[in-house]
Amino acid sequence: TQTHKHKVYTSLSIHINALAVSRITFSNSFLIKVSHRINPKIKSTMNALAATNRNFKLASRLLGLDSKLEKSLLIPFREIKVECTIPKDDGTLASFIGFRVQHDNARGPMKGGIRYHPEVEPDEVNALAQLMTWKTAVAKIPYGGAKGGIGCDPSELSISELERLTRVFTQKIHDLIGIHTDVPAPDMGTGPQTMAWILDEYSKFHGHSPAVVTGKPIDLGGSLGRDAATGRGVLFATEALLNEHGKSISGQRFVIQGFGNVGSWAAKLINEKGGKIVAVSDVTGAIKNKNGIDISGLLEHTEENRGIKGFDGADSIDPDSVLVEDCDVLVPAALGGVINRENANEIKAKFIIEGANHPTDPEADEILRKKGVVILPDIYANSGGVTVSYFEWVQNIQGFMWEEEKVNKELQNYMTRGFKDLKDMCKTHSCDLRMGAFTLGVNRVAQATVIRGWGS
(Lines give C-alpha, C1' and ligand atoms only; values in the text may rest on other atoms or scores of the structure.)
Protein backbone atom coordinates (compact mmCIF):
# COMPACT_ATOMS: atom_id res chain seq x y z
CA THR A 1 0.00 0.00 0.00
CA GLN A 2 1.35 3.40 -0.98
CA THR A 3 1.17 6.26 1.52
CA HIS A 4 1.89 9.96 1.21
CA LYS A 5 5.46 9.18 2.29
CA HIS A 6 6.24 7.28 -0.86
CA LYS A 7 6.77 8.97 -4.20
CA VAL A 8 6.01 6.46 -6.89
CA TYR A 9 6.66 6.70 -10.60
CA THR A 10 4.29 4.62 -12.63
CA SER A 11 4.52 4.24 -16.37
CA LEU A 12 1.75 2.24 -17.94
CA SER A 13 1.87 1.42 -21.59
CA ILE A 14 -0.62 -1.33 -22.23
CA HIS A 15 -1.74 -1.68 -25.81
CA ILE A 16 -5.38 -2.60 -26.22
CA ASN A 17 -7.56 -2.61 -29.27
CA ALA A 18 -10.49 -0.54 -28.15
CA LEU A 19 -13.84 -1.90 -29.25
CA ALA A 20 -15.79 0.47 -31.40
CA VAL A 21 -18.41 2.21 -29.34
CA SER A 22 -21.77 2.59 -31.06
CA ARG A 23 -22.24 6.09 -32.36
CA ILE A 24 -24.71 8.18 -30.43
CA THR A 25 -26.17 11.48 -31.50
CA PHE A 26 -26.11 14.06 -28.71
CA SER A 27 -28.25 17.14 -28.41
CA ASN A 28 -26.31 20.40 -28.71
CA SER A 29 -26.61 21.06 -24.97
CA PHE A 30 -24.44 18.02 -24.26
CA LEU A 31 -21.65 18.71 -26.71
CA ILE A 32 -18.23 19.38 -25.28
CA LYS A 33 -17.54 23.04 -24.71
CA VAL A 34 -14.07 23.12 -26.25
CA SER A 35 -12.05 26.24 -25.48
CA HIS A 36 -10.86 27.04 -29.00
CA ARG A 37 -10.88 30.77 -28.36
CA ILE A 38 -7.40 30.42 -26.89
CA ASN A 39 -4.48 30.71 -29.28
CA PRO A 40 -2.75 27.28 -29.36
CA LYS A 41 0.37 28.83 -30.91
CA ILE A 42 1.24 30.82 -27.80
CA LYS A 43 4.39 29.23 -26.39
CA SER A 44 6.03 29.81 -23.06
CA THR A 45 9.48 31.36 -23.43
CA MET A 46 10.58 29.70 -20.21
CA ASN A 47 9.80 26.06 -19.55
CA ALA A 48 6.69 25.93 -17.35
CA LEU A 49 8.20 23.32 -15.05
CA ALA A 50 11.42 25.32 -14.60
CA ALA A 51 9.42 28.46 -13.77
CA THR A 52 7.26 26.63 -11.22
CA ASN A 53 10.29 24.95 -9.64
CA ARG A 54 12.05 28.30 -9.43
CA ASN A 55 9.14 29.89 -7.55
CA PHE A 56 8.91 26.87 -5.24
CA LYS A 57 12.62 27.03 -4.39
CA LEU A 58 12.47 30.77 -3.69
CA ALA A 59 9.51 30.16 -1.36
CA SER A 60 11.30 27.24 0.27
CA ARG A 61 14.31 29.45 0.96
CA LEU A 62 12.12 32.14 2.52
CA LEU A 63 10.50 29.50 4.74
CA GLY A 64 13.85 27.91 5.65
CA LEU A 65 12.71 24.40 4.74
CA ASP A 66 14.99 21.42 5.28
CA SER A 67 16.68 20.52 1.96
CA LYS A 68 15.47 16.90 2.14
CA LEU A 69 11.89 17.99 2.80
CA GLU A 70 12.17 20.49 -0.07
CA LYS A 71 13.27 17.72 -2.44
CA SER A 72 10.47 15.43 -1.25
CA LEU A 73 7.83 18.13 -1.83
CA LEU A 74 9.12 18.73 -5.35
CA ILE A 75 9.04 15.11 -6.55
CA PRO A 76 5.61 13.95 -7.81
CA PHE A 77 3.84 11.19 -5.89
CA ARG A 78 3.13 9.36 -9.15
CA GLU A 79 3.52 9.96 -12.89
CA ILE A 80 1.28 8.04 -15.27
CA LYS A 81 1.72 7.77 -19.04
CA VAL A 82 -0.68 5.65 -21.09
CA GLU A 83 -1.25 4.79 -24.71
CA CYS A 84 -4.81 5.31 -25.92
CA THR A 85 -5.64 3.65 -29.24
CA ILE A 86 -9.13 4.11 -30.68
CA PRO A 87 -10.93 3.27 -33.90
CA LYS A 88 -11.82 6.45 -35.78
CA ASP A 89 -15.13 6.95 -37.54
CA ASP A 90 -13.55 5.97 -40.87
CA GLY A 91 -12.41 2.61 -39.48
CA THR A 92 -8.70 3.48 -39.14
CA LEU A 93 -6.88 3.28 -35.81
CA ALA A 94 -5.40 6.32 -34.10
CA SER A 95 -3.05 6.33 -31.09
CA PHE A 96 -2.71 9.12 -28.53
CA ILE A 97 -0.65 9.52 -25.38
CA GLY A 98 -2.41 10.34 -22.13
CA PHE A 99 -0.79 11.69 -18.98
CA ARG A 100 -1.74 12.01 -15.32
CA VAL A 101 0.70 13.48 -12.82
CA GLN A 102 -0.32 13.09 -9.18
CA HIS A 103 1.92 15.51 -7.35
CA ASP A 104 1.06 15.47 -3.63
CA ASN A 105 -1.64 14.12 -1.31
CA ALA A 106 -0.44 15.27 2.13
CA ARG A 107 -3.49 17.53 2.59
CA GLY A 108 -6.12 15.34 0.92
CA PRO A 109 -7.11 13.69 -2.38
CA MET A 110 -5.21 14.99 -5.40
CA LYS A 111 -7.15 17.40 -7.60
CA GLY A 112 -6.65 18.81 -11.06
CA GLY A 113 -7.98 19.13 -14.58
CA ILE A 114 -7.67 17.01 -17.69
CA ARG A 115 -6.88 18.95 -20.87
CA TYR A 116 -7.12 17.88 -24.51
CA HIS A 117 -4.61 19.91 -26.48
CA PRO A 118 -1.96 19.20 -29.16
CA GLU A 119 0.79 20.63 -26.93
CA VAL A 120 0.11 18.47 -23.86
CA GLU A 121 3.49 17.09 -22.79
CA PRO A 122 5.06 15.74 -19.55
CA ASP A 123 6.84 18.90 -18.36
CA GLU A 124 3.74 21.05 -18.74
CA VAL A 125 1.52 18.50 -16.97
CA ASN A 126 4.11 18.15 -14.19
CA ALA A 127 4.28 21.92 -13.70
CA LEU A 128 0.51 22.30 -13.61
CA ALA A 129 0.14 19.39 -11.16
CA GLN A 130 2.66 21.01 -8.81
CA LEU A 131 0.87 24.34 -9.23
CA MET A 132 -2.38 22.65 -8.17
CA THR A 133 -0.74 21.43 -4.95
CA TRP A 134 0.13 24.99 -3.95
CA LYS A 135 -3.16 26.40 -5.30
CA THR A 136 -5.37 24.09 -3.22
CA ALA A 137 -3.24 24.91 -0.17
CA VAL A 138 -3.53 28.68 -0.79
CA ALA A 139 -7.32 28.27 -1.15
CA LYS A 140 -7.30 26.25 2.10
CA ILE A 141 -9.31 23.41 0.64
CA PRO A 142 -8.42 19.80 1.68
CA TYR A 143 -6.82 18.65 -1.56
CA GLY A 144 -3.43 17.95 -3.05
CA GLY A 145 -2.45 18.58 -6.66
CA ALA A 146 -2.70 16.64 -9.91
CA LYS A 147 -3.04 17.35 -13.63
CA GLY A 148 -3.65 15.28 -16.73
CA GLY A 149 -4.22 15.45 -20.41
CA ILE A 150 -4.17 13.81 -23.80
CA GLY A 151 -2.04 15.08 -26.66
CA CYS A 152 -4.74 15.57 -29.27
CA ASP A 153 -6.55 18.30 -31.18
CA PRO A 154 -10.22 17.99 -30.13
CA SER A 155 -11.31 20.14 -33.10
CA GLU A 156 -10.13 17.35 -35.43
CA LEU A 157 -12.07 14.60 -33.64
CA SER A 158 -15.79 13.88 -33.86
CA ILE A 159 -17.95 13.66 -30.74
CA SER A 160 -18.01 9.86 -30.95
CA GLU A 161 -14.20 9.76 -31.35
CA LEU A 162 -13.77 12.02 -28.33
CA GLU A 163 -16.06 9.74 -26.33
CA ARG A 164 -14.07 6.64 -27.31
CA LEU A 165 -10.80 8.38 -26.47
CA THR A 166 -12.10 9.53 -23.07
CA ARG A 167 -13.41 6.07 -22.19
CA VAL A 168 -10.14 4.34 -23.16
CA PHE A 169 -8.16 6.87 -21.12
CA THR A 170 -10.47 6.23 -18.14
CA GLN A 171 -10.03 2.46 -18.53
CA LYS A 172 -6.27 2.92 -18.27
CA ILE A 173 -6.32 5.10 -15.12
CA HIS A 174 -9.53 4.09 -13.29
CA ASP A 175 -7.68 2.20 -10.54
CA LEU A 176 -5.41 5.21 -9.91
CA ILE A 177 -8.14 7.84 -9.48
CA GLY A 178 -11.03 7.87 -7.02
CA ILE A 179 -13.25 9.91 -4.68
CA HIS A 180 -10.60 9.93 -1.94
CA THR A 181 -7.56 9.44 -4.17
CA ASP A 182 -7.54 11.73 -7.21
CA VAL A 183 -10.50 13.76 -8.49
CA PRO A 184 -10.21 15.00 -12.13
CA ALA A 185 -11.99 18.05 -13.54
CA PRO A 186 -12.38 19.80 -16.92
CA ASP A 187 -9.60 21.90 -18.38
CA MET A 188 -8.71 23.27 -21.80
CA GLY A 189 -10.47 21.31 -24.56
CA THR A 190 -12.68 19.34 -22.16
CA GLY A 191 -15.96 20.09 -20.44
CA PRO A 192 -19.01 18.70 -18.60
CA GLN A 193 -19.65 16.02 -21.23
CA THR A 194 -16.08 14.73 -20.92
CA MET A 195 -16.59 14.44 -17.15
CA ALA A 196 -19.88 12.60 -17.74
CA TRP A 197 -18.06 10.00 -19.87
CA ILE A 198 -15.33 9.57 -17.23
CA LEU A 199 -17.96 9.18 -14.49
CA ASP A 200 -19.88 6.60 -16.53
CA GLU A 201 -16.78 4.57 -17.43
CA TYR A 202 -15.38 4.73 -13.88
CA SER A 203 -18.74 3.67 -12.45
CA LYS A 204 -18.65 0.46 -14.55
CA PHE A 205 -15.67 -0.63 -12.44
CA HIS A 206 -16.48 0.95 -9.06
CA GLY A 207 -20.24 1.52 -8.89
CA HIS A 208 -22.01 4.88 -9.16
CA SER A 209 -19.46 7.47 -7.97
CA PRO A 210 -20.55 11.04 -8.77
CA ALA A 211 -17.77 12.53 -6.59
CA VAL A 212 -14.98 10.97 -8.72
CA VAL A 213 -14.98 13.99 -11.05
CA THR A 214 -16.13 17.60 -10.76
CA GLY A 215 -17.36 19.99 -13.42
CA LYS A 216 -20.09 17.52 -14.36
CA PRO A 217 -23.44 18.34 -16.01
CA ILE A 218 -25.97 19.51 -13.40
CA ASP A 219 -28.15 16.44 -14.08
CA LEU A 220 -25.30 14.14 -13.00
CA GLY A 221 -24.48 15.95 -9.76
CA GLY A 222 -22.67 19.02 -11.05
CA SER A 223 -22.77 22.14 -8.91
CA LEU A 224 -24.69 25.27 -9.75
CA GLY A 225 -22.26 28.14 -10.30
CA ARG A 226 -19.40 25.89 -11.44
CA ASP A 227 -19.34 27.16 -15.04
CA ALA A 228 -18.72 30.75 -13.92
CA ALA A 229 -16.56 29.86 -10.91
CA THR A 230 -13.06 30.66 -12.20
CA GLY A 231 -14.20 33.92 -13.79
CA ARG A 232 -16.16 34.84 -10.67
CA GLY A 233 -13.10 34.05 -8.58
CA VAL A 234 -11.10 36.43 -10.78
CA LEU A 235 -13.72 39.10 -10.02
CA PHE A 236 -13.49 38.56 -6.23
CA ALA A 237 -9.67 38.47 -6.39
CA THR A 238 -9.61 41.72 -8.39
CA GLU A 239 -11.99 43.39 -5.92
CA ALA A 240 -9.79 42.33 -2.99
CA LEU A 241 -6.62 43.67 -4.64
CA LEU A 242 -8.14 46.97 -5.75
CA ASN A 243 -9.71 47.52 -2.32
CA GLU A 244 -6.24 47.09 -0.82
CA HIS A 245 -5.11 50.00 -3.02
CA GLY A 246 -8.13 52.17 -2.23
CA LYS A 247 -9.84 51.52 -5.56
CA SER A 248 -12.92 49.69 -6.82
CA ILE A 249 -13.72 47.90 -10.07
CA SER A 250 -16.10 50.66 -11.16
CA GLY A 251 -14.40 53.06 -13.56
CA GLN A 252 -11.23 50.97 -14.02
CA ARG A 253 -10.20 50.11 -17.59
CA PHE A 254 -9.65 46.39 -18.24
CA VAL A 255 -7.98 44.38 -21.01
CA ILE A 256 -8.96 40.68 -21.20
CA GLN A 257 -6.52 38.46 -23.13
CA GLY A 258 -8.34 35.20 -23.89
CA PHE A 259 -12.12 35.01 -24.21
CA GLY A 260 -12.79 31.37 -23.37
CA ASN A 261 -14.65 30.29 -20.24
CA VAL A 262 -12.50 32.27 -17.77
CA GLY A 263 -12.04 35.41 -19.85
CA SER A 264 -15.66 35.70 -20.97
CA TRP A 265 -17.11 35.20 -17.48
CA ALA A 266 -14.55 37.60 -15.96
CA ALA A 267 -15.42 40.21 -18.60
CA LYS A 268 -19.17 39.79 -18.03
CA LEU A 269 -18.94 40.02 -14.24
CA ILE A 270 -16.41 42.87 -14.22
CA ASN A 271 -18.60 44.77 -16.69
CA GLU A 272 -21.63 44.26 -14.42
CA LYS A 273 -19.64 45.82 -11.55
CA GLY A 274 -18.95 48.95 -13.61
CA GLY A 275 -15.54 48.03 -15.00
CA LYS A 276 -14.83 49.22 -18.54
CA ILE A 277 -13.51 46.49 -20.89
CA VAL A 278 -11.45 48.37 -23.49
CA ALA A 279 -9.80 45.45 -25.35
CA VAL A 280 -10.34 41.70 -25.76
CA SER A 281 -8.58 38.97 -27.74
CA ASP A 282 -9.11 35.31 -28.59
CA VAL A 283 -7.85 32.81 -31.18
CA THR A 284 -9.79 34.56 -33.97
CA GLY A 285 -8.37 38.04 -33.36
CA ALA A 286 -8.43 41.08 -31.09
CA ILE A 287 -10.68 44.12 -30.73
CA LYS A 288 -10.49 47.49 -28.99
CA ASN A 289 -12.87 50.26 -28.02
CA LYS A 290 -11.46 52.94 -25.72
CA ASN A 291 -15.00 53.90 -24.65
CA GLY A 292 -15.71 50.34 -23.52
CA ILE A 293 -16.84 47.22 -25.40
CA ASP A 294 -20.48 46.13 -25.21
CA ILE A 295 -19.82 42.80 -23.46
CA SER A 296 -23.41 41.53 -23.74
CA GLY A 297 -23.30 42.12 -27.49
CA LEU A 298 -19.85 40.52 -27.74
CA LEU A 299 -21.00 37.40 -25.88
CA GLU A 300 -23.92 37.01 -28.30
CA HIS A 301 -21.55 37.52 -31.25
CA THR A 302 -19.05 34.90 -30.02
CA GLU A 303 -21.85 32.40 -29.42
CA GLU A 304 -23.05 32.80 -33.01
CA ASN A 305 -19.65 33.15 -34.72
CA ARG A 306 -17.36 31.01 -32.52
CA GLY A 307 -15.05 33.93 -31.82
CA ILE A 308 -14.80 37.70 -31.51
CA LYS A 309 -13.68 38.26 -35.11
CA GLY A 310 -16.11 40.44 -37.04
CA PHE A 311 -17.69 42.11 -34.00
CA ASP A 312 -18.67 45.57 -35.22
CA GLY A 313 -18.84 47.25 -31.81
CA ALA A 314 -15.05 47.69 -31.68
CA ASP A 315 -12.00 48.15 -33.91
CA SER A 316 -9.90 45.19 -34.96
CA ILE A 317 -6.28 45.28 -33.71
CA ASP A 318 -3.18 43.08 -33.86
CA PRO A 319 -3.67 40.22 -31.33
CA ASP A 320 -0.03 40.55 -30.25
CA SER A 321 -0.66 44.14 -29.16
CA VAL A 322 -3.55 43.44 -26.78
CA LEU A 323 -1.25 42.84 -23.79
CA VAL A 324 0.36 46.26 -24.19
CA GLU A 325 -2.85 48.27 -24.69
CA ASP A 326 -3.35 51.22 -22.35
CA CYS A 327 -5.41 50.08 -19.36
CA ASP A 328 -5.52 49.97 -15.56
CA VAL A 329 -5.94 46.21 -15.15
CA LEU A 330 -4.70 43.46 -17.47
CA VAL A 331 -6.25 39.98 -17.18
CA PRO A 332 -4.28 37.33 -19.12
CA ALA A 333 -6.75 34.42 -19.35
CA ALA A 334 -5.27 32.25 -22.12
CA LEU A 335 -2.17 30.03 -22.14
CA GLY A 336 1.09 30.35 -20.21
CA GLY A 337 4.16 32.44 -20.97
CA VAL A 338 2.39 35.26 -22.81
CA ILE A 339 4.02 37.98 -20.70
CA ASN A 340 7.76 37.70 -21.21
CA ARG A 341 10.93 39.80 -21.43
CA GLU A 342 10.06 40.80 -25.01
CA ASN A 343 6.83 42.60 -24.09
CA ALA A 344 7.09 43.24 -20.32
CA ASN A 345 8.62 46.72 -20.72
CA GLU A 346 5.74 47.78 -22.98
CA ILE A 347 2.93 46.76 -20.62
CA LYS A 348 1.00 49.82 -19.45
CA ALA A 349 -1.33 48.19 -16.91
CA LYS A 350 -0.87 49.04 -13.22
CA PHE A 351 -2.32 45.70 -12.09
CA ILE A 352 -2.13 42.21 -13.64
CA ILE A 353 -4.64 39.55 -12.54
CA GLU A 354 -3.45 36.12 -13.70
CA GLY A 355 -6.58 34.34 -14.90
CA ALA A 356 -4.44 31.82 -16.82
CA ASN A 357 -1.88 29.40 -15.38
CA HIS A 358 1.71 30.80 -15.31
CA PRO A 359 1.08 33.54 -17.92
CA THR A 360 4.05 35.59 -16.65
CA ASP A 361 7.64 34.39 -17.07
CA PRO A 362 10.01 34.95 -14.13
CA GLU A 363 12.10 37.34 -16.25
CA ALA A 364 9.00 39.42 -16.98
CA ASP A 365 8.08 39.24 -13.28
CA GLU A 366 11.33 40.99 -12.41
CA ILE A 367 10.91 43.66 -15.11
CA LEU A 368 7.34 44.41 -14.04
CA ARG A 369 8.24 44.49 -10.35
CA LYS A 370 10.85 47.17 -11.06
CA LYS A 371 8.20 49.13 -12.99
CA GLY A 372 5.88 49.00 -9.97
CA VAL A 373 3.26 46.79 -11.63
CA VAL A 374 1.31 44.74 -9.06
CA ILE A 375 0.78 41.12 -10.13
CA LEU A 376 -1.87 38.94 -8.46
CA PRO A 377 -0.52 35.40 -9.03
CA ASP A 378 -2.38 32.56 -10.70
CA ILE A 379 -2.31 30.20 -7.73
CA TYR A 380 -4.60 32.62 -5.93
CA ALA A 381 -6.29 34.63 -8.71
CA ASN A 382 -7.70 31.70 -10.68
CA SER A 383 -8.44 29.39 -7.74
CA GLY A 384 -12.21 30.02 -7.96
CA GLY A 385 -12.66 27.00 -10.24
CA VAL A 386 -11.02 24.48 -7.93
CA THR A 387 -12.78 26.00 -4.92
CA VAL A 388 -16.23 25.46 -6.44
CA SER A 389 -15.06 22.01 -7.60
CA TYR A 390 -14.45 21.33 -3.92
CA PHE A 391 -18.00 22.51 -3.16
CA GLU A 392 -19.31 20.12 -5.85
CA TRP A 393 -17.33 17.22 -4.35
CA VAL A 394 -18.72 18.04 -0.88
CA GLN A 395 -22.28 18.18 -2.23
CA ASN A 396 -21.84 14.80 -4.00
CA ILE A 397 -20.48 13.13 -0.84
CA GLN A 398 -23.30 14.62 1.26
CA GLY A 399 -25.91 13.83 -1.35
CA PHE A 400 -27.29 17.32 -0.74
CA MET A 401 -27.07 20.03 -3.38
CA TRP A 402 -26.69 23.76 -2.67
CA GLU A 403 -28.50 26.74 -4.14
CA GLU A 404 -26.38 28.86 -6.51
CA GLU A 405 -26.53 31.83 -4.14
CA LYS A 406 -24.87 29.73 -1.41
CA VAL A 407 -22.16 28.55 -3.84
CA ASN A 408 -21.31 32.12 -4.87
CA LYS A 409 -21.38 33.40 -1.29
CA GLU A 410 -19.06 30.63 -0.07
CA LEU A 411 -16.71 31.31 -2.99
CA GLN A 412 -16.55 34.98 -2.06
CA ASN A 413 -15.75 34.02 1.55
CA TYR A 414 -12.92 31.71 0.46
CA MET A 415 -11.43 34.24 -1.97
CA THR A 416 -11.62 37.11 0.56
CA ARG A 417 -10.04 35.03 3.32
CA GLY A 418 -7.41 33.75 0.89
CA PHE A 419 -6.32 37.28 0.01
CA LYS A 420 -5.99 38.19 3.70
CA ASP A 421 -3.85 35.07 4.34
CA LEU A 422 -1.71 35.91 1.30
CA LYS A 423 -1.13 39.49 2.47
CA ASP A 424 -0.19 38.26 5.95
CA MET A 425 2.54 36.08 4.42
CA CYS A 426 3.77 39.05 2.35
CA LYS A 427 4.18 41.04 5.57
CA THR A 428 5.83 38.16 7.42
CA HIS A 429 8.42 37.54 4.71
CA SER A 430 8.63 41.05 3.19
CA CYS A 431 7.91 39.71 -0.29
CA ASP A 432 5.68 40.39 -3.28
CA LEU A 433 2.28 38.78 -3.86
CA ARG A 434 3.64 35.86 -5.91
CA MET A 435 6.10 34.85 -3.22
CA GLY A 436 3.43 35.52 -0.58
CA ALA A 437 1.15 33.03 -2.32
CA PHE A 438 3.88 30.44 -2.85
CA THR A 439 5.13 30.66 0.75
CA LEU A 440 1.52 30.35 1.98
CA GLY A 441 0.86 27.25 -0.14
CA VAL A 442 4.23 25.56 0.34
CA ASN A 443 4.16 26.18 4.11
CA ARG A 444 0.73 24.56 4.47
CA VAL A 445 1.78 21.48 2.47
CA ALA A 446 5.11 21.22 4.33
CA GLN A 447 3.35 21.42 7.71
CA ALA A 448 0.84 18.72 6.73
CA THR A 449 3.66 16.50 5.43
CA VAL A 450 5.71 16.82 8.64
CA ILE A 451 2.70 16.36 10.95
CA ARG A 452 1.74 13.16 9.14
CA GLY A 453 5.17 11.71 9.93
CA TRP A 454 7.49 12.63 7.08
CA GLY A 455 10.80 10.77 7.28
CA SER A 456 9.60 8.27 9.90
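In this text the structure is predicted, and so the values were computed from the model without any measurement.

Examining the confidence of the model for the protein chain
Reasoning step 1: Mean pLDDT for the protein chain: 89, with 89% of residues reaching 70 or above.
Reasoning step 2: Note that residues 1–46 has pLDDT below 50 and, in this model, 120 contacts with residues that lie over four places away or in other chains.

Observations regarding the sheet that holds strand S5 (residues 182–186)
Reasoning step 1: Reading across from one edge, S1-S2-S4-S3-S5 is the order of the five strands in this open sheet, with mixed pairing throughout. For this open sheet the edge positions go to strand S1 (78–87) and S5, each flanked by a neighbour on one side alone. Adjacent strand axes in the sheet meet at a mean angle of 20°, parallel and antiparallel pairs treated alike.
Reasoning step 2: One ladder, built from six bridges, connects strand S2 (residues 93–104) with strand S4 (residues 144–151); its direction is antiparallel. Counterpart to Arg100 in the pairing with S4 is Gly148.
Reasoning step 3: Here helix H3 (residues 122–138) sits on the sheet and contacts S1, S2, strand S3 (110–117) and S4; the angle it forms with S4, its principal contact strand, is near 155°.

Observations regarding a negative patch on the surface
Reasoning step 1: Taken together, the side chains of Asp294, Glu300, Glu303 and Glu304 make up a negatively charged region of the molecular surface.
Reasoning step 2: Inspection of the secondary structure assignment puts Glu300 in helix H8 (residues 295–305).

Some details on H3
Reasoning step 1: Between its terminal C-alpha atoms H3 stretches 24 Å, which fits the 24 Å expected from 17 residues at 1.5 Å a residue.
Reasoning step 2: With respect to burial, H3 is a largely interior element, 15 of its 17 residues being buried.
Reasoning step 3: Between the side-chain oxygen at the start of H3 and the backbone nitrogen of Asp123 there is a gap of 3.1 Å, and the oxygen is on Glu121.
Reasoning step 4: Immediately beyond the C-terminal end of H3, within one or two residues, lies Lys140, with a positive phi of roughly 60°.

What counts as what
- Along every chain, residues carry numbers that run from 1 in the direction the sequence is written.
- Two thresholds apply to this predicted model, a pLDDT of at least 70 for residue-level local features and 80 or more for giving and counting side-chain atom pairs, whereas whole-chain, interface and lining totals are computed over all residues.
- No hydrogens and no water enter the side-chain calculation; it runs on all heavy atoms of the structure.
- Known as pLDDT, the predictor's confidence for each residue is given on a scale from 0 to 100.
- We call two residues in contact when some of their heavy atoms are within 4.5 Å.
- Between any two strands, at least two bridges found by DSSP are needed for them to pair.
- Only DSSP runs of H or I with at least four residues qualify as helices, and only runs of E with at least two residues qualify as strands; both kinds are numbered from the N terminus onward.
- Axis geometry follows a simple rule: fit a line to the C-alpha atoms, using only the stretch in contact for helices, then measure angles between N-to-C directions, giving values from 0 to 180 degrees.
- Like-charged residues are merged into a patch within 9 Å and nonpolar side chains (Val, Leu, Ile, Met, Phe, Trp, Tyr) within 5 Å, provided each residue has over 30% relative accessible area and no salt bridge.
- In short, Shrake-Rupley with a 1.4 Å probe defines the accessible areas, and a residue's cover is counted only from the protein chains shown.
- Salt bridge criterion: a side-chain nitrogen from Lys or Arg within 4 Å of a carboxyl oxygen from Asp or Glu.
- The positive count covers Lys and Arg only, the negative count covers Asp and Glu only, and His and the chain ends enter neither.
- Working definition for charges: the position is that of NZ of Lys, CZ of Arg, CG of Asp or CD of Glu.
- By this rule, a helix spans an expected 1.5 Å times one less than how many residues it contains.
- Burial classes: relative accessible area under 20% of the type maximum marks a residue as buried, over 50% as exposed, and values in between as partly exposed (1.4 Å probe, protein chains only).
- The definition of a polar contact used here is a pair of N or O atoms within 3.5 Å, where within protein one atom must be able to donate a hydrogen and the other to accept one, and adjacent residues in sequence count solely through side-chain atom pairs.

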